[in-house]
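Now for the letters of each chain:
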Amino acid sequence: MTPPEEPWKSDIWRNRPAFLYSRRPIAWYVGRPAAEFLKIEPAAGVVLVVCAVAAMLWANSPWSASYEAVWGLDITLSFGDFTLHHSLKDWINDGLMALFFFVVGLEIKQEIVSGELASPRNAVP
């Protein structure tokens, strides 16, 4: 059974990503619904809450030792003689959190320069 053709309504999909428009079952039943979900503005928040709940359940379950083992996993990046060796927890705390706050700062700057916070009347509250 072939699913019916359905055009995407968003401008973002005008380039027609090859994978999402293939006839593969994973594209039809996983790729397209995931793409539609990610178009929704609070989708990132929903994913974050779901992951946080899953992590809390995993950490407080009988398998909590495997949870601790994942956080203690050693990750090494080597470039010639230069080597970075840290645990997964350290990579997230140091690297990804710095990247997160950098992106948040860029978004705040964009709002102040050309967004809703450009006028002092809107920025004060």
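Note that the coordinates shown come from a computational prediction; the quantities given were computed from them, not determined experimentally. (Residues numbered from 1 in each chain as written. Predicted model: local features only at pLDDT ≥ 70, side-chain atom pairs only at ≥ 80, totals over all residues. Heavy atoms only, no water.)

Novice: Honestly, the overall build of the chain in this entry has me stumped. Any pointers?
Specialist: For the chain, the count of helices and strands is 5 helices and 2 strands. Counted from the first residue to the last, the chain has its helices and strands arranged as α-α-α-β-β-α-α. Out of the 125 residues belonging to the chain, those deemed buried represent 12%. Contacts in the chain between residues at least 24 apart in sequence constitute 15% of all its contacts with a sequence separation of at least 6. (Helix = DSSP H or I, 4+ residues; strand = E, 2+ residues; numbered from the N terminus. Buried < 20%, exposed > 50% of the residue type's maximum accessible area, 1.4 Å probe, protein only. Contact = heavy atoms within 4.5 Å.)

Novice: Help me out: how do you make sense of the pairing of strand β2 (residues 82-87) in this one?
Specialist: Looking along a regular strand, one sees side chains alternate from face to face of the sheet. Relative to β2, strand β1 (residues 74-79) is paired through 6 bridges, and the arrangement is antiparallel. Considered in β2, the bridge of I75 is made with H86. (Pairing = 2+ DSSP bridges.)

Novice: I keep staring at the packing of helix α2 (residues 43-59) against helix α3 (residues 64-71) and nothing clicks. Help me out?
Specialist: Angle between the axes and distance between the axes are the two parameters that describe a pair of packed helices. One can describe the packing of α2 onto α3 by two numbers: an axis separation of 7 Å at closest approach and a directional angle of 120°. Between α2 and α3, the interaxial angle falls into the category oblique. Residues A55, W58 and A59 of α2 pack against S64, S66, Y67 and V70 of α3. Classifying every residue of the contact of α2 with α3 gives 5 nonpolar, 2 polar and no charged. (Axes fitted to C-alpha atoms, helices over the stretch in contact; angles between N-to-C directions. Parallel < 35°, antiparallel > 145°, perpendicular 65-115°, else oblique. Nonpolar A, V, L, I, M, F, W, Y, C, P; charged D, E, K, R; others polar.)

Novice: Looking at this structure, how should I read the packing of aromatic side chains?
Specialist: Scanning all chains against the criterion turns up 3 aromatic pairs. Ring centres of Y67 and W71 lie 6.2 Å apart, and the angle between their planes is 75°; on these two criteria the pair is classed as edge-to-face. Linking Y67 with W71, this pair stays in helix α3, spanning 4 residues, or about one helical turn. Exposure remark for Y67: the relative accessible area of 15% places this residue in the buried category. (Phe/Tyr/Trp six-rings, centres within 6.5 Å; stacked < 30°, edge-to-face > 60°.)

Novice: Explain the pattern of salt bridges here, please?
Specialist: Pairs may arise between side chains of opposite charge once their charged atoms sit close together. Following the criterion strictly, the structure yields 1 salt bridge and no others. Put simply, E36 and K39 hold a salt bridge, and the shortest N to O gap is 2.9 Å. Pair noted here: E36 and K39 are both in helix α1 (residues 25-39), with a separation of 3 residues, about one helical turn. (Salt bridge = Lys/Arg side-chain N within 4 Å of Asp/Glu carboxyl O.)

Novice: Just to check I follow, could you spell out a nonpolar patch on the surface for this structure?
Specialist: The grouping of F37, L38, I40, V46, V47 and V50 at the surface amounts to a nonpolar patch, some 510 Å² of accessible area in total. Breaking the nonpolar patch down by element, the ones donating at least two residues are α1 and α2. No other element matches the 3 residues that α2 contributes to the nonpolar patch. With respect to the helices and strands, the residue V46 is situated in helix α2. (Patch = residues over 30% accessible without salt bridge, like charges linked within 9 Å, V, L, I, M, F, W, Y side chains within 5 Å. Areas by Shrake-Rupley, 256 points an atom, 1.4 Å probe, with all protein chains shown as cover.)

Novice: Would you mind going over helix α4 (residues 88-114) with me for this structure?
Specialist: Each α-helix turn comprises 3.6 residues. Residues three or four places apart therefore point the same way. When the terminal C-alpha atoms of α4 are compared, their 37 Å separation across 27 residues agrees well with the 39 Å that a helix rising 1.5 Å per residue should span. The largest bend in α4 amounts to roughly 30° and is located at L96. (Expected span 1.5 Å × (residues − 1). Bend = angle between axes of the 7 residues up to and from the residue.)

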